[in-house]
Structure formats: structure tokens, C-alpha cells
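The chain contents come next:
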Amino acid sequence: MRNYLLFYVNGVRHQIAGERGFQALSEFLRLDLGLVGTKVVCAEGDCGSCTVLIGRVRNSELRYEGIDSCIQYLYQLDCAHVITVEGLKGGAEKIHPVQKAMVDAFGSQCGYCTPGFVMALAAMLETQENLTRDSLQDGLTGNLCRCTGYEQIIDAGLSLNQKGIPKPSKRFEEEAMLADFTEHVAQAVSCEFEEKWNGSVQIIQFYVPTTLNEALEFKQNNQHVTIVAGGTDISVQLNKERLEPNCIMSLTHLTGLEILEIENKTVIVGAGVTWTKLGEYCQQHLPQLAEIISIFASRQIKNAATLAGNIANASPIADSLPFLYVIDAEIELSRLLQDGTLEKRWVRINQFYHGYKKTEMKADELITRIRWNLPETDDVLKLYKVSKRKDLDISTFTAGIWLKLKKGKIQNARLAFGGVGPVVLRLPETEEFLRGKPLVSAIFQEAGKLAREEISPISDVRSSADYRFQLAENIMLKFFHDCCDNQDNKEAA
Ligand SMILES: Cc1cc2nc3c(=O)[nH]c(=O)nc-3n(C[C@H](O)[C@H](O)[C@H](O)COP(=O)(O)OP(=O)(O)OC[C@H]3O[C@@H](n4cnc5c(N)ncnc54)[C@H](O)[C@@H]3O)c2cc1C
Ligand code: FES
Ligand code: FES
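K.L.:
Looking at this structure, how should I read the overall build of the protein?
P.N.:
Counting its regular elements, the protein contains 17 helices and 20 strands. For the protein, the C-alpha atoms occupy an extent of roughly 75 × 65 × 45 Å along the three principal directions. A total of 493 residues make up the protein; the buried ones form 46% of that total. Residue pairs in contact within the protein that sit at least 24 positions apart in sequence constitute 67% of those at least 6 positions apart.

What follows is the structure, given as C-alpha cells:
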């Protein structure tokens, strides 16, 4: 067991112990290291001005991704290499080709957002993707600029294409860092400090286990512990001081939870799988979910955030849930019994939520895997997300609609709507109505009216209850036009 975190910033080694490990990375970079090129604007993952590259050991090499440093805490960064905008400069060159491209294309005015854009572009060089207008728009979704205008920034990105620019991380000596990480990564990290306030003393602690058993044992002994996976929900709450946990466990080192495989048409997703990895996988195997993932948050968020975190966070507008409900997914919950035996149970997602933010997960359990069967050829699946903005926005309303068809009729139906109640809702009466019915528009019009009766939306900052009632009704007809128009034409003929 170690009592310090080990990581590198721009090739320089750091050992961090005690209270210092509880800082957001952006704070550490700016205040402790004076690396003020990394900017902070929103402190909640929304603007990208704090983007840095984070390299973690995967298959014996360091793989780098762009991450929002304002919502990555140091306890998530053990055995990682952070590259900031200052780290792009190297050798005799004064500025990096990405920075030069921004200058040449007039991609910066006040310059406050610029280091974030530069790092997001550097992340695209790191993953060696083709820099087209589409890929740049996608890669820069998480970066906001108030004054330059995005055209010039896109032009800067386009000018980098085909120039054979080496990966930014190649400026650093990887072998020495890898050897250092390999020596340390098998040791769990535990750090604590005493917080004294108003005459009382509190022990604040974080723990970074290296095996599932260690993690479950810690959970068994510290049932109030706050679990952090990608931290994209938790860290926003920490930054906004809505949460002040005194015990944190980071799952960063549980690489065993990063499995993503398919076994006899059953997809198995480990709790450590990020939205980025799931998105890549779904492009081939589940295009309907890939479409939703393409409008989920930004790359910086998807590189850190996990599907398991989305489920455990238990928000009624979590984007994964309508899909998981209608595909009838199961969640694997694991815990350690008193005698040290590992116990696992599968719970259907449709039984997982007991009320707003209340789940079936017990205080000593962790989500370890999620599984579902791929849709069959006669299944129709469609997923919807309605939000004020298309990209990087929280959903106002979500829906998952799944139908099993037989001889032109609906044999079975599953509907799940989000944002219309304290949890994502299945619509049993509308589902029952649809069973045995033909695929004609009048049926979906009627189903829409029934759907209104089964939901209980409220008005909030994102929309009025009336708007959500209307969406729930209209989505049924939209589904019909999206998926069944041809069938209706056949009926009419
Ligand atoms: C800018 C921004 C944009 C976002 N956009 C979207 C969006 O478009 N759609 C959407 O649905 N969400 C969105 N989110 C929310 C968030 O990114 C997702 O909910 C994400 O999937 C959470 O995953 P995480 O790994 O970061 O969770 P964390 O923040 O690490 O954890 C979330 C919760 O899950 C618990 N938890 C995590 N892993 C486990 C586990 N294995 N076992 C038990 N409990 C666990 C944690 O204790 C915590 O309660 C956004 C967030 C931000 C900051
Ligand atoms: S400061 Fe806005 S994303 Fe980090
Ligand atoms: S250049 Fe001013 S915010 Fe982008």
C-alpha cells in the first residue's frame, strides 16, 4: 500500500500525499505548478477551456485522450501522464504546429478559450484521426469560444491535415515513465488528512484499489464511501460544493472492469468502459445507440465518463436508460461476503430503480458489469433525445421504443420515456394496446394519446410539463414515420 499518488506532468515526476490529492487537476496545475495556460471558466465540464491530454497505461503503452481537467481530481490520476498546453512546446520550435495553425487562421481573439482548443486539436492528432470538417466539429464540440467564431478555428484544424505532424506525446520519454508506473501500479493508494474546523476534527480519506476484491472489501468496511469512476457527475457536484464526502474510492486502476465483449449475441460491458469506447463499439454493432452517444456530452466527457456511472447516478434524464430499459438490460452487482467470498447477482434494469435516486444497489455493492441481448432482425429499435441544443446538452425528454414484429403486426412492444417522472418510465398500458396491432399511423396516433396518460412530468428550467406531455404523444407518431412509413403504404395499397 502506498500513501502517495504518483503521476507526471509534462514529463516531470510528482508524488502527492495527504490533502493535496483532493484537488481538481486544473487547480493543481494553476496554483501548485503555476501552469496557468490551462484556463478555468465553468468548472463543470461544459466549456473545454481546461482541456489537457491524459496518458494512461493500456497494453503496455501510454494512450492519450483529451480530458476536462476541472472535473478530474488528482486521486483519479495515479500512474498517469498529464500534458498541458505548456508541454506542447519542445525542441527548438517556439510554438507547436497546432498553435501556429491557430495563429495563421486567426483562430484566437481574447485567447481565453485558445489553450483548450489547442489541446482538443492536439488530442485529435494523438488519436491520428483524419481532420475533416465533420471530425473537427465533433472533436471540438466540448470547446466554447465567445469571441472568435468557429470558422477560423475549423480552418486552423483543416490546415493541419496531411502534414504528418507527430503525436504531441512523442516529445516525452515514455520508457522511463512506463517503468515507473509498472513498478507502482500494483500497489493500492490510501491517503488521509485531518480536517480541523470549529473545534472538531474529521479524517478525510481517499483510496485507490488495484483489484475488485480490494474495492469491495473497502466498500464493505466503509459503506458511506463515495465511488468515483469517470467523476463527470461527482466532480461537478464537488466543484459546486453540493457534495463534501469524507471518504472517496476511485476505480481508476480496476482495469478488469474495462471488458467490452459479445458472447452469443449478448453484449457485456464492464463498469469501467467509457462512453468513447462504447460509442466506437456500437458504430458496428448497435447503430441506434451509437447515434445517441454521438450527441452525448463532448469528447472530453465521454473519454472519462462510464455507462455504469450513468446508471448509478440514477437521473431520470440519463441518456443510457431508455435504451437499457427497452433492451431489457441487466446490471451485475458484486459484493464481498464476511467470509471473503465474492457474491454477484444480476438485476434487471426494469427493477433497478425504486424511486428518484433510489436504486436496488446495497451499500456494500458495486456495479461490475452490464449486459443485454442485441436486437434481432425482426425487432425495430429507435432512441430519441430532445434537448434545447443538439450537442453537449442535458436532455429535456428521452425515449426508447422497441417493437417485435411478426407478419406485419406488432407481436411485442416496450416503451421507456425519460424526463417525464422521477425515474425513467415504462408505459405498460400503451405497450399492451400496441400488441397484436398493425403498423398503421392511426394506431400510433392513438398510442400517443395513451402515452400521455401514463406519464407525470413536471415543469422545470428545461421545459414545461405541457411540452413534455406533447413530446410523449408526438414521439409515437414520429417513430411511426421514422420506421414504418413503408409498411403503412403497403397497407393502404
Ligand atoms: C458537461 C457534461 C455533459 C454531460 N452530458 C450528459 C449527457 O449528454 N447525457 C447524460 O446522460 N449524462 C451526461 N452527463 C452526466 C455524466 O457524464 C454521465 O452520467 C456519466 O455517464 C457518469 O459517468 P462517470 O463515470 O463520470 O460517473 P461518476 O461521476 O464517477 O459517478 C456517478 C455516480 O455513479 C456512482 N458510480 C460510478 N461507478 C460506479 C460503480 N461501478 N458502482 C457503483 N456506483 C458507481 C458514483 O458513486 C456516482 O454516484 C454530462 C456531464 C457533464 C459534466
Ligand atoms: S473549465 Fe469549463 S470545462 Fe473545465
Ligand atoms: S478567443 Fe475569446 S473566448 Fe475564444
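K.L.:
Would you explain the site of ligand 1 in this entry?
P.N.:
The full set close to ligand 1 counts 29 residues, and Gly45, Gly230, Gly309, Asn310 and Ala312 are the nearest of them. Going through the elements one at a time, strand E8 (226-228), helix H8 (234-239), helix H12 (307-312) and strand E16 (366-373) are the ones with two or more residues in the shell around ligand 1. With four residues, H12 is the largest single contributor of residues to the shell around ligand 1.

K.L.:
I keep staring at the packing of helix H15 (residues 441-453) against helix H16 (residues 465-483) and nothing clicks. Help me out?
P.N.:
Describing two packed helices takes the angle between their axes plus the distance from one axis to the other. The geometry of H15 relative to H16 is characterised by a closest axis approach of 8 Å and an angle of 160 degrees between their N-to-C directions. Classified by the angle between their axes, H15 and H16 sit roughly antiparallel to one another. Note that H15 runs across H16; the crossing there is right-handed. The segment H15 lies against H16, with Ser441, Phe444, Gln445, Ala447, Gly448, Lys449, Ala451 and Arg452 engaging Phe469, Ala472, Glu473, Asn474, Met476, Leu477, Phe479 and Phe480. Looking at side-chain class alone, the contact of H15 with H16 contains nine nonpolar, four polar and three charged residues.

K.L.:
Would you mind going over the sheet that holds E16 with me for this structure?
P.N.:
Pairing between the strands of a sheet is mediated by backbone hydrogen bonds and can be parallel or antiparallel. Overall, antiparallel pairing links the five strands, which are arranged E10-E11-E16-E12-E13 in an open sheet. Of all the strands in the sheet, the pair left with one neighbour each is strand E10 (260-263) and strand E13 (342-348). Averaged over all pairs of adjacent strands, the angle between strand axes in this sheet comes to 25 degrees, irrespective of strand direction. Of the strand pairs in this sheet, strand E12 (residues 330-336) and E16 are connected by five bridges, and their pairing is antiparallel. Among the inter-strand pairings, Leu333 is bridged to a residue of E16, identified as Ile367. Most of the contacts of helix H7 (residues 212-221) go to E12, to which it runs at about 75 degrees, and overall it touches E12, E13 and E16.

K.L.:
How do you make sense of the nonpolar core when you look at a structure like this?
P.N.:
Across soluble globular proteins, nonpolar side chains show a tendency to be buried alongside one another. If you look at the biggest cluster of nonpolar residues, it comprises 143 residues, and the most contacted ones within it are Val82, Phe117, Leu121, Ala122, Met249 and Phe417. Broken down by element, the residue count for this core peaks at nine residues, all from helix H3 (residues 114-126). Counting residues domain by domain, this core receives three or more from each of domain 1 (1-187) and domain 2 (377-493). Sequence-distant contacts of Phe417, that is, excluding residues within four places in its chain, are made with Pro322, Thr398, Ala399, Val424, Leu425, Leu427, Ile455 and Ala472.

K.L.:
Would you take a moment to explain the environment of Ile301 for this structure?
P.N.:
When you line up the elements, Ile301 lands in helix H11 (residues 299-302). Put simply, Ile301 and Gly231 are 70 residues apart on the chain and 9.4 Å apart in space, counted from C-alpha to C-alpha. Apart from residues no more than four positions distant in its own chain, Ile301 is found in contact with Gly45, Asp68, Gly142 and Thr232.

K.L.:
Is there a simple way to explain the sheet that holds strand E9 (residues 247-250) in this structure?
P.N.:
Ordered by their spatial adjacency, four strands build an open sheet running E6-E7-E9-E8, and the pairing between neighbours is mixed. Edge positions in the open sheet fall to strand E6 (189-197) and E8, since each of these has one partner strand only. Taking each pair of neighbouring strands and ignoring which way they run, the sheet shows an average axis angle of 20 degrees. The pairing of E8 with E9 spans three bridges and is classified as parallel. Residue pairing for E9: Ile227 is matched across the bridge by Met249.

K.L.:
What am I meant to see in the pairing of strand E11 (residues 266-270) here?
P.N.:
A regular strand carries its side chains on alternate faces of the sheet. Of the strand pairs in this sheet, E10 and E11 are connected by four bridges, and their pairing is antiparallel. Among the inter-strand pairings, Glu261 is bridged to a residue of E11, identified as Ile268. Hairpin connection, E10 to E11: the antiparallel pair is bridged by two residues, and Asn264 has positive phi, about 45 degrees.

K.L.:
In this structure, what is going on with the environment of Ser320? I would like to understand it.
P.N.:
Structurally, the position occupied by Ser320 is in the loop between H12 and helix H13 (321-326). C-beta crowding within 10 Å serves as the criterion here: with 28 such atoms nearby, Ser320 is assigned to the buried category. Through-space distance from the C-alpha of Ser320 to that of Thr398 is 9.4 Å; in sequence the pair is 78 residues apart. If sequence neighbours within four positions are ignored, Ser320 has contacts with Leu307, Asn310 and Ile311.

K.L.:
Honestly, helix H5 (residues 150-159) in this entry has me stumped. Any pointers?
P.N.:
For an α-helix the count is 3.6 residues per turn, leaving residues at separations of three or four pointing the same way. Along H5, the residues classified as buried are Ile153, Ala156 and Gly157. Buried residues of H5, seen end-on, are gathered within an arc of 95 degrees and therefore sit on one face of the element. Among the structural elements, helix H2 (97-104), H3 and helix H4 (133-139) are those in contact with the buried residues of H5.

K.L.:
I tried to follow the packing of helix H9 (residues 275-285) against helix H10 (residues 287-294) on my own but got confused; where do I start?
P.N.:
Interaxial distance between H9 and H10 falls to 8 Å at its minimum, and their mutual angle equals 140 degrees. The angle between H9 and H10 places the two elements in the oblique class. The two elements H9 and H10 meet at a crossing, and its hand is left-handed. On H10, the residues that touch Trp275, Leu278, Gly279, Cys282 and Gln283 of H9 are Pro287, Leu289, Ala290, Ile293 and Ser294. Residues that form the contact of H9 with H10 fall into these classes: seven nonpolar, three polar and no charged.

K.L.:
What is the right way to look at the environment of Ile71 in this model?
P.N.:
Structurally, the position occupied by Ile71 is in the loop between strand E4 (61-68) and strand E5 (80-83). Along the sequence, Ile71 and Ala24 sit 47 residues apart, while their C-alpha atoms lie 6.3 Å from each other. Setting aside its immediate chain neighbours within four residues, Ile71 contacts Ala24, Glu44, Gly45, Gly231, Thr232, Ser235, Val236 and Asn239.

K.L.:
Could you clarify how one ought to interpret unusual backbone geometry in this entry?
P.N.:
Excluding glycine, residues mostly carry a negative phi; peptide bonds, for their part, are mostly trans. Even without being a glycine, Asn198 presents a positive backbone phi close to 55 degrees. With respect to the helices and strands, the residue Asn198 is situated in the loop between E6 and strand E7 (200-208). With 4 C-beta atoms counted inside 10 Å, the residue Asn198 sits in the exposed group.

About the criteria used
- Residues numbered from 1 in each chain as written.
- Chains lettered and ligands numbered in written order.
- Predicted model: local features only at pLDDT ≥ 70, side-chain atom pairs only at ≥ 80, totals over all residues.
- Helix = DSSP H or I, 4+ residues; strand = E, 2+ residues; numbered from the N terminus.
- Buried ≥ 20, exposed ≤ 12 C-beta atoms within 10 Å, placed from the backbone.
- Contact = placed C-beta atoms within 7 Å.
- Near = placed C-beta within 6 Å.
- Axes fitted to C-alpha atoms, helices over the stretch in contact; angles between N-to-C directions.
- Parallel < 35°, antiparallel > 145°, perpendicular 65-115°, else oblique.
- Left-handed = near helix turned anticlockwise from the far one by under 90°.
- Nonpolar A, V, L, I, M, F, W, Y, C, P; charged D, E, K, R; others polar.
- Pairing = 2+ DSSP bridges.
- Core = buried A, V, L, I, M, F, W, Y, C linked by C-beta atoms within 7 Å.
- Domains from an automatic or database assignment.
- Arc of directions from axis to C-beta.

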